[in-house]
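Geometric and topological summary
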Amino acid sequence: MLTRLRLKNFKSWQNTDDISLKPITGFFGANSSGKTSLLQSLLLLKQTSDSSDRHLALDFGDRKSLADLGDFQSVVFKHATDNEIGIDVDWESARKLTINDPKRKGKPVTADRRLGFSARVRGENGGSGRPLRLVIPSVEYRLGDATFGMRQKPPKDREPPQYDLFIEGIDYQFTRSQGRAWPLPPPIKCYGFPDQVRAYYQNAGFLSDLELALEQQLRSIFYVGPLRAHPERRYTWMGTQPYDMGMTGDQAISAILSARDRGEKIRRGKGKTKVPLEEYVAEWLKRLGLITEFHVETAGDKANQIFQVRVKKDPDGPEALLPDVGFGVSQILPVVVACFYVPEGSTVILEQPEIHLHPSVQAALADLLIDAYKLRGIQTIVESHSEHLLRRIQRRIAEETLSAENVAIYFCESTAGGSKLSALQLDLLGQIENWPSDFFGDQFGEIASIHKARLKRTK
């Protein structure tokens, strides 16, 4: 899973320092405090990796993308195009990545599960009315204590950017092939080594493994946005297997049907019992206190590929279609499905999952995240305003259901110099030792004002 994030000159963040990412990571704070930007940095990398255009340093997206960020000038801190955007991310792989030395009969030089990636991107004026062009001063990968990458050479007039390879932290050198020492062109996208690297150097093939490891990690990131789709009376499923829930959660029912079609099941608790995804989703909707029954069935002829979602609010009540039982069920449904549909070990980014939910459901949402981590190793990164969600996390730590070591909570605030991040210190009993002022608004001030108003009216 992802273990660290650091941003430089990205939107409202001039420099975040290191952000430790845990199995359950929460970003809280007022509106426009920079919370969403932290999530968008990861989504920017993901959609850049997914892009078919190898010449895009960063894919800033459009309205159909995970993150619609406009352009470089819109993203760079204070819109200063001479600033340099930096994105650093670390993760721990499920298996060790090994680099062998061909000179020593393939003996491993280094092997580690700890990986990292850093990129720097800056804008340069194209001149003569041309649009701003993006230059990549450096790309680097970390494997344990070793670092491999490319750095731009000092630019010369009227020459395209040229690069050098470098290695730090281990005794290993790139060996050039015979022939002229041709200069290296810029990286591919913001993270890929150009094809010439493998052609010019005899022992640089492992760099492709580092690129692939990053791409695989980015593919394991899934996102459910804050504005989720309205419930439908009928759903069409053409036998497809959705990759994710879609930004608005509109693929949640297709995901359930796909899992049913493939016979996929979820292990329930610590035992060996496995149940279909649809049944486990129904159990969670019941635990959240939203409904007592949930199932997806065909509408009419089984061959027409039209389905309906039927639910019961009360055990003795009638069945109803999803749009007829309130907005909360349809809003939380994509979150529940995502946690148990995506591959094990994935990272799920949730933006304001508590929208349209009763406080008791917001609290129970924390239990859902804990269950997804314990059962399937799902990491969740949450942007939220919910005090109830945080309080339940604190309670579970106090009850020893969840370890404080598996939780990271941050408070974001806007200052004159840009966004500021504070890590909240959770002790073994779930208590926060460094509550920021106005973390959830001025609650004491509200209570005092109510009391004063009562006194005034009773005189």
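Residues numbered from 1 in each chain as written. Predicted model: local features only at pLDDT ≥ 70, side-chain atom pairs only at ≥ 80, totals over all residues. Heavy atoms only, no water.

Looking now at the sheet that holds strand E10 (residues 221-224). Spatial ordering of the open sheet is given by E10-E17-E18-E4-E19-E20, a layout of six strands whose pairing is mixed. Two strands in the sheet have a free side with no partner beyond their single neighbour: E10 and strand E20 (418-424). For this sheet, the mean inter-axis angle between neighbouring strands, taken without regard to orientation, is 20 degrees. Inspection of the sheet shows strand E4 (residues 24-29) paired to strand E18 (residues 379-383) by four bridges, in the parallel sense. (Pairing = 2+ DSSP bridges. Helix = DSSP H or I, 4+ residues; strand = E, 2+ residues; numbered from the N terminus. Axes fitted to C-alpha atoms, helices over the stretch in contact; angles between N-to-C directions.)

Looking now at the environment of Arg4. On the secondary structure map, Arg4 appears in strand E1 (residues 2-10). Taking the relative accessible area as the measure of exposure, Arg4 reaches 14% and is therefore buried. Expressed as a C-alpha distance, the spacing of Arg4 and Ala111, which sit 107 residues apart in the sequence, is 20 Å. Polar contacts involving the side chain of Arg4 include one to the side chain of Asp90, which spans 2.7 Å. (Buried < 20%, exposed > 50% of the residue type's maximum accessible area, 1.4 Å probe, protein only. Polar contact = N/O pair within 3.5 Å; in protein donor to acceptor, adjacent residues only side chain to side chain.)

Tallying each qualifying case throughout the model produces two cavities of 30 Å³ or more. Lining the largest cavity are Ile24, Thr25, Gly26, Phe28, Leu369, Val382, Leu389, Ile393 and Ile409. Ranked by the residues each element gives to the lining of the largest cavity, the list is headed by E4, at four residues. Residue classes in the lining of the largest cavity are distributed as seven nonpolar, two polar and no charged. (1 Å grid on protein atoms, 1.4 Å probe; cavity = no way out; pocket = protein on both sides within 12 Å on 5 of 7 lines; lining within 4 Å. Points joined across faces, edges and corners; volume = space filled by probe spheres on them. Nonpolar A, V, L, I, M, F, W, Y, C, P; charged D, E, K, R; others polar.)

Here the focus is the packing of aromatic side chains. The final tally for this structure, using the stated rule, is eleven aromatic pairs. Where Phe117 meets Tyr141, the ring centres are 5.3 Å apart and the plane angle is 50 degrees; that geometry is what we call tilted. Placement of Phe117 in strand E6 (residues 107-124) and of Tyr141 in strand E7 (residues 133-143) is noted, with a sequence separation of 24 residues between them. Taking the relative accessible area as the measure of exposure, Tyr141 reaches 1% and is therefore buried. (Phe/Tyr/Trp six-rings, centres within 6.5 Å; stacked < 30°, edge-to-face > 60°.)

The subject of this paragraph is the nonpolar core. Among the nonpolar cores identified, the biggest contains 69 residues, and Leu277, Leu285, Phe294, Ile332, Val336, Val337 and Phe340 are the most heavily contacted of them. Counting residues per element, this core draws most heavily on helix H7 (residues 327-341), which supplies ten residues. When sequence neighbours within four positions are dropped, the list of residues in contact with Phe294 reads Ile256, Glu278, Val281, Ala282, Leu285, Val309, Arg310, Val311 and Leu333. (Core = buried A, V, L, I, M, F, W, Y, C linked by side-chain atoms within 4.5 Å. Contact = heavy atoms within 4.5 Å.)

This brings us to unusual backbone geometry. The backbone of Asp17 shows a phi angle near 60 degrees, a positive value even though the residue is not glycine. Turning to its location among the elements, Asp17 is positioned in the loop between strand E2 (13-15) and strand E3 (19-20). Positive phi outside glycine occurs at Glu400, with the angle close to 65 degrees. Of note, Glu400 is situated in the loop between helix H9 (387-398) and strand E19 (407-415).

This part covers the layout of surface pockets. Considered as a void within the structure, the largest pocket measures approximately 590 Å³ in volume. Around the largest pocket, the lining is made up of 24 residues, and of these Trp91, Glu92, Ser93, Ala94 and Gln217 lie nearest the centre. Secondary structure elements with two or more residues in the lining of the largest pocket: strand E5 (84-101), E6 and helix H4 (207-219). Sort the elements by how many residues they give to the lining of the largest pocket and E5 lands first, with seven residues. Here the lining of the largest pocket is built from residues that sort into nine nonpolar, eight polar and seven charged. Roughly 350 Å³ of volume is contained in the second largest pocket. As for the second largest pocket, its lining consists of 16 residues, of which His55, Ala57, Leu134, Pro186 and Pro187 are closest to the centre. With four residues, the single largest contributor to the lining of the second largest pocket is E7. For the lining of the second largest pocket, a count of residues per class yields twelve nonpolar, one polar and three charged.

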